[in-house]
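# Examination of the molecular architecture
Spelled out, the chains give:
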Amino acid sequence: MFNETINCRKIVEGKAEGKVIVSKNPINFLAMVNLDTGKITDQSHDLFNISLKDKILVFPHSIGSSVGAYSIYALKTNNLGPKGIICTAKADIITASGCAIANIPVVDKLEKDIHDFIKNESRLILDATNQKIMVKNRN
Amino acid sequence: MQLTTEEEKALNGEFGETLSVAYRILLAIGNANDAEKLIPIKWAHVSGVNYNTIGKSGEEFLKEISSEGKKVMIPTTLNPMGFDSTKKNIGLTEEFVNNQLSITDSYKKLGVNMSFTCIPYEIFSLPKKGEYASFAESNAAVFLNSILNIKTNKESALSSLASAITGKTPYSDLLIEENRKSKIMIKPELSTDESDALGQVDTFNLNELDFGLLGYYAGKVSKESCVGIDCKKDQVDIVKMKSLSAGMGTSGICGMFKTEEDSMTEKISFGKKERESVFDELNTSEMGDIIVLGSPQLGMSEINLLDNMIHGKKFKKKCMIFCAKPVYEIAKENESLYRLEKAGCEFFCDSCTCLTPLITKDKYDSITTNSVKCSYYMKHSNKVGVSLKNLNSIVKENTI
């Protein structure tokens, strides 16, 4: 099923398989995520009212408050966190440090544009340890 | 990123869990920032203190990481917490207070200076120019890089803590001289009352709110860690520089601004339209039930400015002032504190407007402030409306 491999760079090791949610917008984890529901609360965000729980989050990077790293950790301990994170821009310090203690695999620097292969709810395998993303080629 | 043999051992837990967690964090951020190695630093400033921001899981994490008795390796200062512990009966739940005290207790065990300030650069003696630091609080990181030329990346709460515990940070991004260059330069083109007939704007005439909005806009537009701001740095006072730094830190990934032009710099205008777009995003109410000042916390410059503006008048509504404790003490000494209290101001130390439990939507529909950073978090986190005005207008409109 996963017949296309995208090479990428490991930021936090680990492996995850699941459905993706895709955003073109950065996230301020402190200000824009409800830690009791896992949902994005910013009405102007393209993931508004969507939960990150058990998804593989595909987004550019985090922005804003340095405390956002704790928000990522809180999501994980509340069982509302994403299974894995793919940064389509460059992974940032907030995402990297939050996921390092939450044990959420993170990659960035994808060799292909992942948007050509996935849309919301597509399944993929994120193998951060081996620096590979396995997706289904739609062609 | 390459670790030394000793660092590798620490990562693998040979020197305890605290150091292992710290190195795991540094390795992840070092990878993200393409660092080759870790280098020693002189100062860490840690965020993640307010219980409203880090929650129960953060409280438990800090309890765990401080339980081994490991102390920070370098001078480490601390961001504000959720309330002013010298005030009684402030209407907070027992749960909040207990968790808050547990958090501060953990930092104390780690040997962190209980400074509770987001403006440590105005409070503590500074390392030499060009030295390295690890600063989590975004306004302070931008201020350090841009005004003081002390080099730090815009760290996270966890990465600055990891650096405090190890005394090291990945040698990357804004720590490396060649990355401290801007590819774009934001040019303020706002007409002010004082701008001349040709429409040339002297940034000297822009007020602190304009600078906050400019910073917020620049942070949004820039995709790099360093952005150019077209203004004469020596003409802009610390109040405006703080406002610019805080706005920039809030909206994006930028950790530094430069006022000198680098080669290959693309110019982007910050005119009336751009100002309006960020203003409309943050200004969500026409009026405020109360006035809130201090994000970042006020220093003596802002206190003296307000004292001069008030000049015997009185606020018609409650005015909450968040400042650093040493600033409060100086204001007490020079008596501006008493004049401002007489004018209706109430002072809060050790805390800040960002996610403060003292300003909730149960208590207030809206607030008035001159801080872009305060507006952002009131809107997104506290869900309280904001009327955004510059300090001069706030005083004019709300005092008799």
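The structure presented is a predicted model; accordingly, all values stated were derived computationally and were not measured.

### Brief notes about the sheet that holds strand E7 (residues 226–229) of chain B
Residues and elements named next belong to chain B. If you walk across this open sheet you meet the four strands as E8-E7-E6-E9, and the pairing is parallel. Here the strands that pair on one side only, and so sit at the sheet edges, are strand E8 (256–258) and strand E9 (266–271). In this sheet, adjacent strand axes meet at a mean angle of 35 degrees when their direction is disregarded. Relative to E7, strand E6 (residues 184–189) runs parallel, the two sharing two bridges. In the sheet register, Ile 186 faces E7, and the bridge partner there is Ile 229. Contacts from helix H8 (residues 208–221) reach E6, E7 and E9 within the one sheet, and its direction differs from that of E9 by about 140 degrees.

### A look at the sheet that holds strand E4 (residues 133–135) of chain B
All names here are of chain B. Pairing is parallel in the open sheet, where three strands are placed in the order E3-E2-E4. Of all the strands in the sheet, just strand E3 (76–78) and E4 have a single pairing partner and so form its edges. Taking each pair of neighbouring strands and ignoring which way they run, the sheet shows an average axis angle of 15 degrees. Bridge count between strand E2 (residues 43–46) and E4: three bridges; the pairing is parallel. By the bridge assignment, Trp 43 is partnered in E4 with Ala 133. Taken strand by strand, helix H7 (residues 157–166) contacts E2, E3 and E4, and its axis lies near 145 degrees from that of E2.

### Considering the interface of chain A and chain B
Contacts between chain A and chain B engage 35 residues on the former and 39 residues on the latter. Summing both partners gives a buried area of about 2,700 Å² for chain A against chain B, and 61% of it is carried by carbon and sulfur. When the buried area of chain A at its contact with chain B is split by residue, Ser 66, Tyr 70 and Ile 93 of chain A rank highest and sum to 27% of it. Counting across the interface, chain A meets chain B through three salt bridges. One can count 16 residue pairs in polar contact (both at pLDDT 80 or more) joining chain A with chain B. Only strand E2 (9–12), helix H1 (29–32), helix H2 (68–77) and helix H3 (93–102) of chain A provide two or more residues apiece to the side of chain A that touches chain B. Here the side of chain A that touches chain B gets seven residues from one element, more than from any other, and that element is H3 of chain A.

### Topic: the confidence of the model for chain B
A low pLDDT score tells you not to read the predicted coordinates there in detail. Here chain B averages 94 in pLDDT, while 96% of its residues score no lower than 70. Low pLDDT (under 50) marks residues 194–200 of chain B, which in the prediction has three contacts with non-local residues, meaning those over four places away or in another chain.

### A look at the domain arrangement of chain B
Residues and elements named next belong to chain B. Domain boundaries assigned for chain B yield domain 1 (5–177), domain 2 (181–280) and domain 3 (283–398). For domain 1 and domain 3, the distance between their C-alpha centres works out to 27 Å. Taken together, the contact pairs 24 residues of domain 1 with 23 residues of domain 3. Carbon and sulfur atoms make up 56% of the area that domain 1 and domain 3 hide from each other, which totals about 1,600 Å². Where domain 1 packs against domain 3, one counts two salt bridges. Where Lys 373 meets Glu 137, a salt bridge forms, and the shortest distance between an N and an O atom there is 2.6 Å. Put simply, domain 1 and domain 3 have ten residue pairs in polar contact (both at pLDDT 80 or more) between them. Listing elements by their share of the side of domain 1 that touches domain 3, those giving two or more residues are helix H3 (51–65), helix H5 (120–123) and helix H6 (138–148). Residues of the side of domain 1 that touches domain 3, tallied by class, amount to eleven nonpolar, nine polar and four charged.

### Some points on the side chain of Ser 106 of chain B
Residue and element names in this part refer to chain B. Among the structural elements, Ser 106 can be located in helix H4 (residues 94–109). Judged by its relative accessible area of 3%, Ser 106 is buried. Discounting chain neighbours no more than four positions away, the residues touching Ser 106 are Leu 62, Lys 63 and Ser 66.

### Digging into helix H12 (residues 325–333) of chain B
Side chains of residues three or four places apart in an α-helix project in the same direction, reflecting 3.6 residues per turn. Residues and elements named next belong to chain B. Looking only at H12, the buried set comprises Val 327, Tyr 328 and Ala 331. Down the axis of H12, the smallest arc covering the buried residues is 105 degrees, so these residues share one side. Where H12 ends, the next residue or the one after it, Glu 335, has phi of about 70 degrees, a positive value.

### Some remarks on the packing of H2 of chain A against H3 of chain A
Residue and element names in this part refer to chain A. The interhelical angle for the contact between H2 and H3, taken along N-to-C directions, is 35 degrees, at an axis separation of 8 Å. Crossing hand, H2 versus H3: right-handed. On the side of H2, the interface is formed by Gly 68, Ala 69, Ile 72, Tyr 73 and Lys 76, while H3 contributes Ile 94, Thr 95, Ser 97, Gly 98, Cys 99, Ile 101 and Ala 102. Here the contact of H2 with H3 is composed, by residue class, of seven nonpolar, four polar and one charged.

### Re the pattern of salt bridges
Following the criterion strictly, the structure yields 30 salt bridges over all chains and no others. Linking Lys 63 of chain B and Glu 59 of chain B is a salt bridge whose minimum nitrogen-to-oxygen distance equals 3.5 Å. Taken as a pair, Lys 63 of chain B and Glu 59 of chain B lie in helix H3 at a separation of four residues, close to a single helical turn. You can call Glu 59 of chain B buried: its relative accessible area is 2%. Through salt bridges with shared partners, a single network forms among Arg 9, Lys 90, Asp 108 and Lys 109 of chain A together with Asp 34 of chain B.

### Quick notes on the side chain of Thr 353 of chain B
Residues and elements named next belong to chain B. Its location among the elements puts Thr 353 in the loop between strand E12 (345–348) and strand E13 (366–369). Within polar-contact distance, the side chain of Thr 353 engages the side chain of Ser 295 at 3.5 Å. Ignoring anything within four residues of it in the chain, the contact list for Thr 353 reads Val 292, Leu 293, Gly 294, Ser 295, Phe 322, Cys 374 and Met 378.

### Some words on the packing of H3 of chain A against helix H2 (residues 17–32) of chain B
Angle between the axes and distance between the axes are the two parameters that describe a pair of packed helices. One way to put it is that H3 of chain A packs onto H2 of chain B with a least axis distance of 8 Å and a crossing angle of 145 degrees. Here the hand of the crossing between H3 of chain A and H2 of chain B comes out right-handed. When H3 of chain A is examined against H2 of chain B, the residues Ile 93, Ala 96, Ser 97, Ala 100 and Ile 101 of chain A are found in contact with a partner set consisting of Val 21, Arg 24, Ile 25, Ala 28, Ile 29 and Ala 32 of chain B. Considering only residue class, the contact of H3 of chain A with H2 of chain B consists of nine nonpolar, one polar and one charged.

Rules used in this analysis
Residues numbered from 1 in each chain as written. Chains lettered and ligands numbered in written order. Predicted model: local features only at pLDDT ≥ 70, side-chain atom pairs only at ≥ 80, totals over all residues. Heavy atoms only, no water. Pairing = 2+ DSSP bridges. Helix = DSSP H or I, 4+ residues; strand = E, 2+ residues; numbered from the N terminus. Axes fitted to C-alpha atoms, helices over the stretch in contact; angles between N-to-C directions. Contact = heavy atoms within 4.5 Å. Buried area = accessible area lost by both parts, 1.4 Å probe. Salt bridge = Lys/Arg side-chain N within 4 Å of Asp/Glu carboxyl O. Polar contact = N/O pair within 3.5 Å; in protein donor to acceptor, adjacent residues only side chain to side chain. pLDDT = per-residue confidence, 0-100. Domains from an automatic or database assignment. Nonpolar A, V, L, I, M, F, W, Y, C, P; charged D, E, K, R; others polar. Buried < 20%, exposed > 50% of the residue type's maximum accessible area, 1.4 Å probe, protein only. Arc of directions from axis to C-beta. Left-handed = near helix turned anticlockwise from the far one by under 90°.

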